[in-house]
Amino acid sequence: MNEAFPPNPRQPSPDAPPGNRLQESAVRESTSRALVRVSQPDLLRHAQLEKSRGRLLLAACGFAVLFGAVAVKLSLATVFDPAEPKRAAILSRPPAPPAETPVSRAAVTDRNGEVLAVSLPLTGLYANQREIDNPVEVADKLRLVLPQLDRERLIARLTGDRPFYYIARALTPREMQAVNNLGVPGLYFEDAERRFFPQGRTAAHIIGGVDVDGNGIAGVEKYFDERLRTLRRETLRLSLDIRVQLALRDAVQHAITDFNGIGGAGVVMDVQSGEVLAMVSLPDYDANDVGAATADERFNRVTVGVYEPGSTFKLLTAAMALDLGTVQTWSGYDASRPIRVGRHQINDYRGKNRWLALPEIMAYSSNLASAHMAAAVGPARHREFMQRMGMTSRLGIEIPETAQPLVPGQKTWRELNTMTIGFGHGISVTPLHVATAGATLVNGGILRQPTILAQPPGVEREGVRVIEPRTSETLRRLMRLVVTDGSGKGAEVPGYYVGGKTGTAQKTGPRGGYLENKRIAAFIGAFPMHAPRYSVYVMVDEPKPNARSHGFATAGWVAAPATNMVISRIAPILGMLPEAPTPEIQRAIAMPMNGRGVPGAAPAPPAAPTANRPPARQTTESPPRIAVTQREAALAPR
């Protein structure tokens with residue numbers, strides 16, 4: 001066997017001494033060290049590979065997280081929480097209102113939120129004259145897109161050395177683009193605004209207007225100018241009802257047209273709060289174009305015009321006499337003879353020429369009896385009562401255009417003045433004075449200054465008691481009698497129990513004295529008389545007779561039918577329905593012509609006949625004669 005495989009000469013013999021083994025071990029160690037030795041470049045390459053491997057691992061983890069998040073989101077959007085129902089819900093929502101453009105003036109509305117005045121943002125065009133080289137050429141170019149501009153005035157505005165001059169204050173978007181397309185240097189745009197009155201002519205005298213700079217110049221716009229500027233986001237809410245305003249305007253205009261008058265006025269007022277629901281002065285103007293209005297159109301006949309009130313003032317005379325106890329409902333005065341005071345003479349228009357009880361004085365509108373009634377009170381107490389009723393001072397309504405009544409001075413107020421003022425002559429007040437007095441007489445006797453601001457519901461406004469509630473109740477009965485049996489029959493509206501008083505007064509000339517065939521025809525009323533809620537005043541200036549009026553142009557023919565038209569239209573608007581004539585209502589408004597039989601009224605003392613009353617006439621009045629006089633009153637209503 002040894003022969004087949006000869007021993008390796010390099011392999012030491014087992015019997016070799018240890019020295020040889022040590023040498024062999026050293027050789028193997030040196031050989032091993034030679035095999036693992038690596039060069040420096042290899043080491044650097046190895047380090048870079050290790051770093052790249054770490055970066056790749058980090059990037060792989062990042063992409064894994066990213067794609068995982070995308071996968072989760074897709075799963076939520078398509079499987080667990082689909083987005084389609086949300087999108088459908090969003091599309092079904094109404095669009096969000098556009099953001100409010102800040103304006104410098106608050107809006108004005110009526111009591112129901114109808115806009116009466118609002119500021120709209122617009123674009124203005126101005127020129128820097130220093131940058132315009134050829135004013136004539138620029139003016140001709142501008143007139144191609146803005147033909148409403150006056151050429152000569154435009155050239156003058158483009159010529160000069162001013163850095164700012166308005167060309168137009170309100171451009172539409174189309175006009176703005178057309179001007180921009182001209183490419184004319186020196187023309188610039190600026191943000192502006194314009195006051196707009198959506199109702200046009202309706203309530204123009206109340207709203208007033210603003211100038212080109214947005215400053216209030218009349219009406220509510222002037223009175224509340226500071227408030228409209230400082231509280232720009234708070235709407236100013238008026239007491240007006242635009243529906244009632246339109247109905248009143250139509251009725252007054254209809255009366256003016258029918259009787260060929262030169263103008264007219266009307267007022268609808270809440271008798272309890274003093275809120276003015278409608279105020280009309282005709283002719284009127286478009287509030288958006290006040291510059292085109294004439295002086296007569298801008299004249300507010302309701303608050304600035306002063307007129308002799310005529311027979312409507314007989315209600316005040318009766319209220320004064322009843323409240324002071326100088327007359328009772330069953331007493332009266334002689335109206336059979338004219339009254340002569342110096343060179344003056346007082347007469348009745350189609351008078352009865354006999355003694356008249358208080359209800360007859362009102363129904364037949366007797367000047368003579370009313371003069372006697374006022375004279376019985378005396379000038380001092382008469383003037384004091386007129387002051388208490390607010391007839392000698394301006395009214396405190398929130399409009400700057402108000403007039404001072406024309407009344408005799410304290411030293412010149414004599415018995416003759418008391419007599420003539422007793423039937424509505426010799427004193428001039430505004431229609432609003434008469435409307436306010438009418439509301440006071442029927443609301444229980446509380447005088448409240450009229451207001452055009454909407455009042456909180458259920459809150460009672462402060463007022464001053466001027467007559468007793470019992471006097472007010474009697475006045476309501478008398479006013480109802482005027483409509484049912486007297487000169488105001490044309491104002492009757494079935495189911496609404498209208499009461500009131502007609503008044504026809506001649507107009508005075510600029511130099512004093514009365515003008516022939518120039519008169520004021522007015523009616524002051526309220527409804528329903530058993531529970532008054534609203535007073536109505538209608539006046540026509542210089543009405544002329546027509547064929548249907550049988551040659552008359554007095555208030556019974558002119559103003560009373562106009563009041564009928566007003567109440568017929570506004571009562572349903574105000575939520576009032578006609579009422580059947582129940583016994584309770586009849587008892588609340590009953591008033592016989594002779595003043596007797598009134599519920600709660602004391603009988604007349606048999607042994608003390610009233611002054612100025614002929615005893616023989618007290619018991620000889622017959623029913624047929626009463627019927628005749630009623631027919632006569634219908635033929636010539638006052």
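In short, a report on the structure. Everything quoted here is computed from the prediction, not taken from an experiment.

1. Describing the overall build of the chain
The secondary structure content of the chain amounts to 22 helices and 18 strands. Of all 638 residues assigned to the chain, the portion counted as buried reaches 45%. For the chain, the share of sequence-separated contacts (at least 6 apart) that also reach a separation of at least 24 residues comes to 72%. Split by element, the accessible area of the chain, about 32,800 Å² in all, is 56% carbon and sulfur.

2. Describing unusual backbone geometry
In this chain, Leu282 is followed by Pro283 through a cis amide linkage whose omega measures 5°. With respect to the element layout, Pro283 can be found in the loop between strand S9 (276-282) and helix H11 (295-298). A cis geometry characterises the amide bond from Phe527 onward to Pro528, with omega recorded as -20°. By the element assignment, Pro528 lies in the loop between strand S17 (514-527) and strand S18 (534-541). Non-glycine residue Arg350 carries a positive phi angle of around 55°. Positionally, Arg350 belongs in the loop between strand S12 (344-346) and strand S13 (355-357).

3. Some points on helix H10 (residues 242-258)
With 17 residues, H10 should reach 24 Å at 1.5 Å per residue; the first-to-last C-alpha distance of 24 Å fits that figure. What H10 keeps buried is the set Ile242, Val244, Gln245, Ala247, Leu248, Arg249, Ala251, Val252, Ala255 and Ile256. Contacts made by the buried residues of H10 are with strand S2 (115-127), helix H7 (204-207), strand S8 (263-270), S9, S18 and helix H19 (555-573). With its phi angle positive at about 55°, Asn260 sits one or two positions after the end of H10.

4. Notes on the sheet that holds strand S16 (residues 499-508)
Within the open sheet, the five strands sit side by side as S9-S8-S18-S17-S16. Their pairing is antiparallel. A strand with exactly one partner marks an edge of an open sheet, and here the two such strands are S9 and S16. Across this sheet, the average inter-strand angle for adjacent strands is 10°, counted without regard to direction. Strand direction decides the pairing type here: S8 and S18, joined by eight bridges, are antiparallel. Looking across to S18, one finds that Gly264 is bridged to Val540. With respect to the sheet, H10 is in contact with S8, S9 and S18, its orientation differing from that of S9 by roughly 30°. The sheet contacts of helix H18 (residues 469-485) involve S16 and S17, and relative to S16 the element is tilted by about 80°.

5. As for the pairing of S18
Taken across its eight residues, S18 has eight buried, putting it largely inside the fold. Covered by surrounding structure in S18 are Tyr534, Val536, Val538 and Val540 together with Ser535, Tyr537, Met539 and Asp541, the residues of both alternating faces. As paired strands, S17 and S18 are joined by eight bridges and run antiparallel to one another. When the sheet's bridge partners are listed, Ala522 is paired in S18 with Met539. Here S17 folds back onto S18 in antiparallel fashion, the turn holding six residues.

Conventions used here
- Per-chain numbering applies: the sequence of each chain, read as written, is numbered from 1 onward.
- Since the coordinates come from a predicted model, pLDDT governs what is reported: local features require at least 70, and pairs of side-chain atoms require 80 or more to be given and counted, while whole-chain, interface and lining totals use all residues.
- The side-chain figures draw on all heavy atoms in the structure; neither hydrogens nor water molecules are used.
- To qualify as a helix, a DSSP run of H or I must reach at least 4 residues; to qualify as a strand, a run of E must reach at least 2; elements of each kind are numbered from the N terminus.
- A 1.4 Å probe rolled over the protein chains alone gives each residue an accessible area, and that area as a share of the maximum for its type sets the label: buried under 20%, exposed over 50%, partly exposed in between.
- A contact between two residues is defined here by any heavy atoms of the two lying within 4.5 Å.
- Only the protein chains shown count as cover for residues, with accessible areas throughout obtained via the Shrake-Rupley method and a probe of 1.4 Å.
- By this rule the span expected of a helix is its residue count minus one, scaled by 1.5 Å.
- A strand pair is defined by DSSP finding two or more bridges across the two strands.
- What counts as an axis is a line fitted to C-alpha atoms, over the stretch in contact for a helix, and the angles between N-to-C directions run from 0 to 180 degrees.

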